[in-house]
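Working through the structure, step by step
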Amino acid sequence: MSSSTKAVSDRSPLHSLPSARQAVESILNERPGPVSDPNGYERRSYDSFFSHGYLLSTSAVERPTIGQWREMRIGDFQGWVEWNTRVVSASVDERRAVVLFGHPVDIYSETTDAERIAQSAARALESGFTPLLHYLAWLGGRFTAVVVDDDDLRVVPDCHATQPVFLWSGSGLASMASHAALLAEAHRLPVNSAASELIELRRRINPRTTVHTPGLICPYLGIRPLFANCYAEISRSGAIAHRRFYPFGEVARGWSFDRAYRQFEELFVQHIKLLSSFGIVGVSLTAGYDSQATFAASRRHVRSALFAYTFFGFNRGRDEEIRDLLAANEASFKAGVPHRIVRWDRDPTDDRFARMYRATFPAGGQAPQIARALYEGLPSGFVEFMSTAAESGSGF
């Protein structure tokens, strides 16, 4: 096979659009009185919104209003990719190619080289989509694969769908995006009032918890998310099919606990080693066994700088939050690892942050307090280890 690989993010020009600045100005000045932003900090923040995002469609779509974007085309899809988005592609021939968004890692080949991984994916595609699917299913990291195979276009998430994919189709057209708000803006989609009412009802029942809408419910009508262990198949007519592919067969039975544990530990540790090569690692640490295990493996095997952090509400800390904070602090102290306490109970309606949050989540914002805590309490661009897969994976 003669395949070619390219880093798409290095080949596409970066454009600027005056309307993006106009939209930001209108948001900044929507409240009465002058806006205090002497150093342009808030305006610069808008340039990084939808970071690592994309918006692709079978028809031409306008450039998203907020953020910095470059043009891109994949098969019949054209659209926009945020300038921070890491994209590589490898082709089998003129009609078959694999495009990878994000940061895949190949645990079995022990590599984080996205171009090398794309080449391996293209070699698998040469034998058909099913061999490629088996290869993609066992990759680690955080990524989305778009597969062009003759007239078919398929979208495959990573094993936990950690990088969201939202899909829309109508009037013979199809679109996909990293954020629901991008699709809503491109196609002027109405807000899903049922989703908003469900979120509000859940908040009234327990205002202290993070709220997620269940299943296929999205903040805008006509949008569907791509689930883990499934891929989307998009036809030229704009029809979208959602197909489950994993597990590939019967789940292995009869393994002893020791054998299963050894294999899990080997894969888990190798995954941590590879992910840590992308930069400074921060471990979300509590008293829970899952985060404690992640932290224990990280402090032994992380190749880069490491810190731990714990969310805490100083205004209304509950017993379980206090236990989490003390256990995390003790584990960090014993390991000699810096521990950061991230306050999550600040006022989510703070003028500046509320405007920025609403710009990217006009509808469907589910955790403004946590979003503000992440924004103000943690560095940007670090590698985040958060132990959630074990909790949500059983739902797939």
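Please read these numbers as outputs of a predicted model, since none were measured by experiment.

Attention now moves to the packing of helix α8 (residues 289–301) against helix α9 (residues 319–335). Close contact between α8 and α9 brings their axes to 12 Å; oriented N to C, the two are set at 15°. Judged by the inter-axis angle, α8 sits roughly parallel to α9. Regarding α8 and α9, the two cross each other, and that crossing is right-handed. On α9, the residues that touch Q292, F295 and R299 of α8 are A327, A328, A331, S332 and A335. Looking at side-chain class alone, the contact of α8 with α9 contains five nonpolar, two polar and one charged residues.

Within a beta sheet, neighbouring strands are joined by backbone hydrogen bonds and run either parallel or antiparallel to one another. Pairing is parallel in the open sheet, where four strands are placed in the order β17-β16-β15-β18. The outermost strands of the open sheet, each flanked by one partner alone, are β17 (339–343) and β18 (383–385). Between one strand axis and the next, the sheet turns through 30° on average, direction left out of account. Two strands pair when backbone bridges link them, and strand β15 (residues 281–284) and strand β16 (residues 306–312) are joined in this way by four bridges, in the parallel orientation. Looking at β16, one finds that V281 is bridged to L306. Against the sheet, α9 makes contact with β16 and β17, and its axis sits at roughly 165° relative to β16, the strand it touches most. Taken strand by strand, helix α11 (residues 368–377) contacts β16 and β17, and its axis lies near 135° from that of β17.

A few words on the packing of aromatic side chains. All told, the structure shown has 15 aromatic pairs when counted by the stated rule. Between F129 and Y231 the ring centres are 5.1 Å apart and the planes differ by 70°, which places this aromatic pair in the edge-to-face class. Taken together, the residues F129 in helix α4 (residues 129–137) and Y231 in strand β13 (residues 230–234) connect sequence positions 102 residues apart. In terms of burial, F129 and Y231 fall into one category: buried. Considering the side-chain rings of F245 and F248, the 5.9 Å spacing of their centres and the 35° angle between planes classify their relative orientation as tilted. On the accessibility criterion, F245 (11% relative accessible area) is buried. For F248, a relative accessible area of 33% corresponds to the partly exposed category.

You can see S276 is positioned in helix α7 (residues 257–276). Look past the residues within four positions of S276 in its chain and what remains in contact with it is V281, H301, V302, R303, S304 and F385.

All right, on to the pairing of strand β3 (residues 54–57) then. Two faces, one strand: in a regular strand the side chains alternate between the faces of the sheet. Of the two faces of β3, both are covered, the one formed by Y54 and L56 as well as the one formed by L55 and S57. In this sheet, strand β5 (residues 77–82) lies alongside β3 in antiparallel orientation, the contact comprising four bridges. Bridged to Y54 within β5 is V81. Bridge analysis of β3 against strand β11 (residues 173–177) gives three bridges, and the strand direction is antiparallel. Of the residues in β11, the one forming a bridge with L55 is A177.

Relative orientation of the contacting elements helix α3 (residues 114–126) and α4 amounts to 150°, with a least axis distance of 7 Å. Counting all contacts with α3, which are made through I117, S120, A121, A124 and L125, the residues of α4 involved are F129, P131, L132 and Y135. A breakdown of the residues in the contact of α3 with α4 according to their chemical character gives eight nonpolar, one polar and no charged.

With 13 residues, α3 should reach 18 Å at 1.5 Å per residue; the first-to-last C-alpha distance of 18 Å fits that figure. For α3, the set of buried residues is A114, I117, A118, Q119, S120, A121, A122, A124 and L125. Here α3 starts with a cap whose side-chain oxygen sits 3.0 Å from the backbone nitrogen of E115, and that cap is D113.

So, how was this worked out
Along each chain, residue indices are assigned from 1 in the same order as the chain's sequence is written. Only residues with pLDDT of at least 70 get local features here, since the model is predicted, and only at 80 or more are side-chain atom pairs given and counted; chain-wide, interface and lining totals rely on the full set of residues. The basis for every side-chain value is the complete set of non-hydrogen atoms in the structure, without hydrogens or water. Only the stretch in contact is used when fitting a helix axis, every axis being a line fitted to C-alpha atoms; angles between N-to-C directions are given from 0 to 180 degrees. Put simply, DSSP marks the helices as runs of H or I at least four residues long and the strands as runs of E at least two long, and each gets a number from the N terminus on. Convention used here: angles under 35 degrees read as roughly parallel, angles over 145 as roughly antiparallel, angles from 65 to 115 as roughly perpendicular, and any remaining angle as oblique. In this scheme the crossing of two helices becomes right-handed for a clockwise turn of the near helix relative to the far one and left-handed for an anticlockwise turn of less than a right angle. Any two residues whose heavy atoms approach within 4.5 Å at even a single point are treated as in contact. Throughout this entry, Asp, Glu, Lys and Arg are counted as charged residues, while Ala, Val, Leu, Ile, Met, Phe, Trp, Tyr, Cys and Pro are counted as nonpolar. The remaining residues, Gly among them, count as polar. Strand pairing requires that DSSP identify at least two bridges connecting the strands. Between 30 and 60 degrees the pair is tilted, below 30 it is stacked and above 60 it is edge-to-face, where a pair is any two Phe, Tyr or Trp rings, Trp via its six-membered ring, whose centres lie within 6.5 Å. Relative accessibility under 20% of the residue-type maximum defines a buried residue, over 50% an exposed one, and the middle range a partly exposed one, all with a 1.4 Å probe and only protein chains included. Here the expected length of a helix is defined as 1.5 Å per residue gap, with one fewer gap than residues. Polar contact criterion, stated in full: a pair of N or O atoms within 3.5 Å, where within protein one must be able to donate a hydrogen and the other to accept it, and residues adjacent in sequence count only if both atoms are side-chain atoms.

Without other data, these values stay purely geometric and don't point to any function.
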